[in-house]
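# Structural description and commentary
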Amino acid sequence: MKIGVLCSGGDAPGMNPCLRAIIRAGEKYGDSIIGIRHGYQGIFDEDIWGGTDEDGKDHKINPREVSGLTNRGGAFLNSSRCMRMHEEEGQKQAAEILTRHGFDALITIGGNGTLSGALALGSHWKGQIVGLPGTIDNDLLGSDYTIGFQTATQTGVEAVDKLRDTAGSHDMMFLVEVMGRHCGDLAAYIALAGGCELVATPEVKTDIEDIVRRLRRFKTMGKRSIIMVVAEGDDFGGANALLEALKKAGSPYEMRSVVLGHVQRGGTPAPGDRILATRLGCFAVDAIHQGATGVMAGELSGQLILSPFENVIVGRRSGAVQVTNLIDRISV
Ligand code: F6P
């Protein structure tokens, strides 16, 4: 089979080992796996990794070309956010180009936007499409974890550990902003693993009066330093605005804010992300050979499963709420 593969949206640590697995699993089937660079934009630009020969034959990525990708962060194939895939005209055009190149199937690695694009493309293209959850956000139903989430959590925890040293030395409070516009999993897991006192996520109302009450209690309990993790998508839109609101409401701690930003997306993938990426990459190739289309491959309770695109891009996960409750229980 001729199978295209692309990475789209924000890069996530683990996209590369995923690509490596797809190419090597495909090789065993005798497939031609073709890399499309820069996400969906690469379809419009006909930007094939390794190029297209004069006779129109697209370069097939061979297994040796992906050696050493296991521990490489970023997206080897490059990535992008492609606005044209939001429009029906663009989706139709992408379908025509894929057909002209003779693709039988497409594997897309990315987050919510990537899977929405795959869903839309599927109504205009006859080829099979299988998506893989590649995003640090952990915001997709259909997989307990997304590829990249564990590494980004580790990066956040390392930052919190360092800030804790300074917070403790200077008797102060840090508000640490992490990514997550719509999903607070990253914030909540970093806060839990980092032993933080407070967390703000999009899933739970950020109640200023309540936070100040807790801070006063912490103070009387003898807590000298506080770390609060704030998702960029909390009610206040992140750490800087929240800090100002807490100051006005009478926070008893000297406060500073730190925005981790894109540092969370890069770096060597953690073993858990490499393993998940490899399992899902192989599973996606198997699924294509079994005729699957319009589905995302994920892992739920240790089982590899396929879920229709429309089921994974809607709805909210409940992880952040549960973890927030756990943090509250042990914040004494
Ligand atoms: O979806 C991944 C992500 O890193 C989000 O956590 C974040 O809100 C967004 O991408 C940032 O996107 P950009 O790099 O386009 O600003």
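Since the structure is predicted, the reported quantities are computational estimates derived from the model, not experimental observations. (Residues numbered from 1 in each chain as written. Predicted model: local features only at pLDDT ≥ 70, side-chain atom pairs only at ≥ 80, totals over all residues. Heavy atoms only, no water.)

One pass over the full model with this rule turns up 4 aromatic pairs. Arranged with centres 5.3 Å apart and planes meeting at 35 degrees, the rings of W49 and F76 form a pair that is tilted. Of this pair, W49 sits in the loop between α2 (41-44) and α3 (88-100) while F76 sits in the loop between α2 and α3, placing them 27 residues apart in sequence. Across the pair, exposure class does not vary: W49 and F76 are buried alike. By the ring-pair criterion, three or more aromatic residues cluster together here, those being Y145, F149 and Y189. The cationic tip of K2 hangs over the ring face of F103; the distance from NZ or CZ to the ring centre is 4.9 Å. One cation-aromatic arrangement involves K223 over F218; the distance from NZ or CZ to the ring centre is 5.7 Å. (Phe/Tyr/Trp six-rings, centres within 6.5 Å; stacked < 30°, edge-to-face > 60°. Helix = DSSP H or I, 4+ residues; strand = E, 2+ residues; numbered from the N terminus. Buried < 20%, exposed > 50% of the residue type's maximum accessible area, 1.4 Å probe, protein only. Lys NZ or Arg CZ within 6 Å of the ring centre and 35° of its normal.)

With that out of the way, let us pick up the pairing of strand β10 (residues 303-308). Judged from the 6 bridges that link them, strand β9 (residues 295-300) and β10 form a sheet pairing that is antiparallel. Counterpart to L300 in the pairing with β10 is Q303. Hairpin connection, β9 to β10: the antiparallel pair is bridged by 2 residues, and S301 has positive phi, about 50 degrees. (Pairing = 2+ DSSP bridges.)

Counted under the stated rule, the structure contains 14 salt bridges. Here R164 and E197 are joined by a salt bridge, their closest N and O atoms 3.3 Å apart. Placement of R164 in helix α5 (residues 149-170) and of E197 in the loop between α6 (185-193) and β6 (198-200) is noted, with a sequence separation of 33 residues between them. For E197, a relative accessible area of 6% gives the class buried. Put simply, K247 and E244 hold a salt bridge, and the shortest N to O gap is 4.0 Å. In this pair, K247 and E244 are both assigned in helix α8 (residues 239-248), 3 residues apart and thus about one turn of the helix distant. The class of E244 is partly exposed, set by a relative accessible area of 43%. Salt bridges sharing partners connect three or more residues here, namely D210, R213, R214 and D328. (Salt bridge = Lys/Arg side-chain N within 4 Å of Asp/Glu carboxyl O.)

Spatially, β2-β1-β3-β4-β9-β10 is the arrangement adopted by the 6 strands of the open sheet, whose pairing is mixed. Bordering the open sheet on either side are β2 (32-35) and β10, each of which pairs with just one other strand. Here the average twist between neighbouring strands, direction ignored, is 25 degrees. In this structure, strand β1 (residues 2-7) lies alongside β2, joined through 4 bridges in parallel fashion. Paired with K2 across the bridge in β2 is S32. Strands in contact with helix α1 (residues 15-29) are β1, β2, β3 (105-110) and β4 (128-133); relative to β3, the strand with the most contacts, it is inclined by about 160 degrees. (Axes fitted to C-alpha atoms, helices over the stretch in contact; angles between N-to-C directions. Contact = heavy atoms within 4.5 Å.)

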